[in-house]
Amino acid sequence: ELSRVIAKVVESGEVYIDAQEVEVSLVGYDVTGPPVRVDNRIVFMADKDGKRLVVTEDGVELGEDYDDVDNPVGIGGKCAFVAKKGEKLLVATEDGRELGMEYSKVDSPVGVDGKIVYMAEEDGKWFIVTEDGREIGRDTEYDEIYPPMNVDGKIVYMAGKGGGRFIVTEDG
């Protein structure tokens, strides 16, 4: 569980998560972010030959088709991450799916009931989008929103308007 991830990368290439030792080869990588657990695997962000990648504990490199990657998370047993492709930010998955290409920006992917949910921005307005393309909060007049959360299998997020803040559920 990510809530108790404790990681330490040492010169020998050992990664410790939740006091469980896992051997991960770091040869050829400049690790740029802490390891995270995706189900029973460990992934980490690293630079290699001038390119930022998400790398799995068994050496699979994800994101080689993108200009940059960030924020790897485990959702539904797969790794998802924010990726930059040209001027576009999108959510990419380890199985090759790209979500959010139609929006100006995306951020903060999370899992809700095993599905990807993320923030998207269009015309200066942020809202929530589900893996199947459902937009939540796009037609509201909120000044700001915060990353979505999974609360008992429901999408919940905080929004602000006129100096006040509200907790909003996917049902409104």
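Fair warning: this is a prediction, and the values are worked out from it, not measured in the lab.

A. View of the environment of aspartate 143. Note on placement: aspartate 143 falls in the loop between strand 15 (135–136) and strand 16 (144–145). With a relative accessible area of 57%, aspartate 143 lands in the exposed category. Residues aspartate 143 and glycine 160, 17 residues apart in the sequence, show an inter-C-alpha distance of 5.6 Å. Excluding its chain neighbours within four sequence positions, the residues that come into contact with aspartate 143 are Gly160, Lys161 and Gly162. From its side chain, aspartate 143 meets the backbone nitrogen of glycine 162 in a polar contact 2.7 Å long.

B. Local environment of the sheet that holds strand 14 (residues 125–130). One open sheet accounts for 4 strands, arranged 12-13-14-15; its pairing is antiparallel. Both outer strands of the open sheet, strand 12 (105–112) and strand 15, are each paired with one neighbouring strand and no more. Where strand 12 lies against strand 13 (residues 115–122), 6 bridges are found, and the strand directions are antiparallel. By the bridge assignment, glycine 111 is partnered in strand 13 with isoleucine 116.

C. How the structure looks around the packing of aromatic side chains. In the structure shown here, the tally under the stated rule is 3 aromatic pairs. Considering the side-chain rings of tyrosine 66 and phenylalanine 81, the 6.3 Å spacing of their centres and the 80 degrees angle between planes classify their relative orientation as edge-to-face. Note that tyrosine 66 is positioned in the loop between strand 7 (61–62) and strand 8 (68–75) and phenylalanine 81 in strand 9 (residues 78–85), a separation of 15 residues in sequence. The pair tyrosine 66 / phenylalanine 81 is uniform in exposure class, with both members buried. With a centroid separation of 5.4 Å and an interplanar angle of 75 degrees, the aromatic rings of tyrosine 103 and phenylalanine 127 are classed as edge-to-face. With tyrosine 103 in the loop between strand 11 (98–99) and strand 12 and phenylalanine 127 in strand 14, this residue pair connects regions lying 24 residues apart in the sequence.

D. How the structure looks around the pattern of salt bridges. Throughout the structure, instances matching the rule amount to 11 salt bridges. Notably, a salt bridge pairs aspartate 47 with arginine 52, separated by 3.0 Å at the nearest N-O pair. Measuring nitrogen to oxygen at the nearest pair gives 2.9 Å for the salt bridge that ties arginine 138 to glutamate 135. Glutamate 135 sits in the partly exposed class, given a relative accessible area of 34%. Here the salt bridges do not stand alone but share partners, grouping Asp47, Arg52 and Asp68 into one network.

E. Structural view of the environment of glycine 33. Its place among the elements puts glycine 33 in the loop between strand 3 (30–31) and strand 4 (36–38). Take glycine 33: its relative accessible area is 15%, and that puts it in the buried class. When neighbours within four sequence positions are excluded, glycine 33 is seen to be in contact with Phe44 and Met45.

F. Structural detail: unusual backbone geometry. Residues other than glycine seldom take positive phi values, yet aspartate 49 does so here, at roughly 55 degrees. The residue aspartate 49 is located in the loop between strand 5 (41–48) and strand 6 (51–56) in this model. Classification of aspartate 49 by relative accessible area gives exposed; the value is 76%. Its identity as a non-glycine residue notwithstanding, asparagine 71 has a phi of 55 degrees, on the positive side. The topology assignment puts asparagine 71 in strand 8. The exposure class assigned to asparagine 71 is partly exposed, which follows from its relative accessible area of 29%.

G. Inspection of the nonpolar core at higher detail. Core analysis: the largest hydrophobic core is formed by 13 residues, its most contacted members being Val54, Tyr66, Cys79, Phe81 and Ala83. Secondary structure elements with two or more residues in this core: strand 4, strand 5, strand 9 and strand 10 (88–93). Top contributing element to this core by residue count: strand 9, with 3 residues. Beyond its immediate sequence surroundings of up to four residues, valine 54 is in contact with Val43, Phe44, Met45, Val60, Glu61, Leu62, Val69, Pro72, Cys79 and Phe81. Formed by 12 residues, the second largest nonpolar core is a distinct cluster that contains Ile75, Val91, Tyr103 and Tyr118.

Calculation criteria
Numbering of residues starts from 1 in each chain and follows the order in which that chain's sequence is written. In view of the model being predicted, local features appear only for residues whose pLDDT reaches at least 70, and side-chain atom pairs are presented and counted only at 80 or more, with totals across whole chains, interfaces and linings using the full set of residues. Values reported for side chains reflect all heavy atoms of the structure, with hydrogen atoms and water molecules removed beforehand. Numbering of helices and strands runs from the N terminus; a helix is a DSSP stretch of H or I covering at least four residues, while a strand is a stretch of E covering at least two. Categorising residues by exposure relies on relative accessible area from a 1.4 Å probe, with only protein chains included: less than 20% of the type maximum marks a residue as buried, more than 50% marks it as exposed, and the intermediate range marks it as partly exposed. In what follows, residue pairs with any heavy atoms lying within 4.5 Å of each other are defined as contacts. Any pair of N or O atoms that falls within 3.5 Å is considered a polar contact. Within protein, one atom must be able to donate a hydrogen and the other to accept it, and sequence-neighbouring residues count only if both atoms are side-chain atoms. When DSSP finds two or more bridges between a pair of strands, those strands are recorded as paired. Note on aromatic contacts: the rings of Phe and Tyr and the six-membered ring of Trp form a pair at centre separations within 6.5 Å, being stacked when their planes are under 30 degrees apart, edge-to-face when over 60 apart, and tilted otherwise. Salt-bridge detection follows one rule: a side-chain nitrogen of Lys or Arg within 4 Å of a carboxyl oxygen of Asp or Glu. We define a nonpolar core as any set of buried Ala, Val, Leu, Ile, Met, Phe, Trp, Tyr and Cys residues linked to one another through side-chain atoms lying within 4.5 Å.

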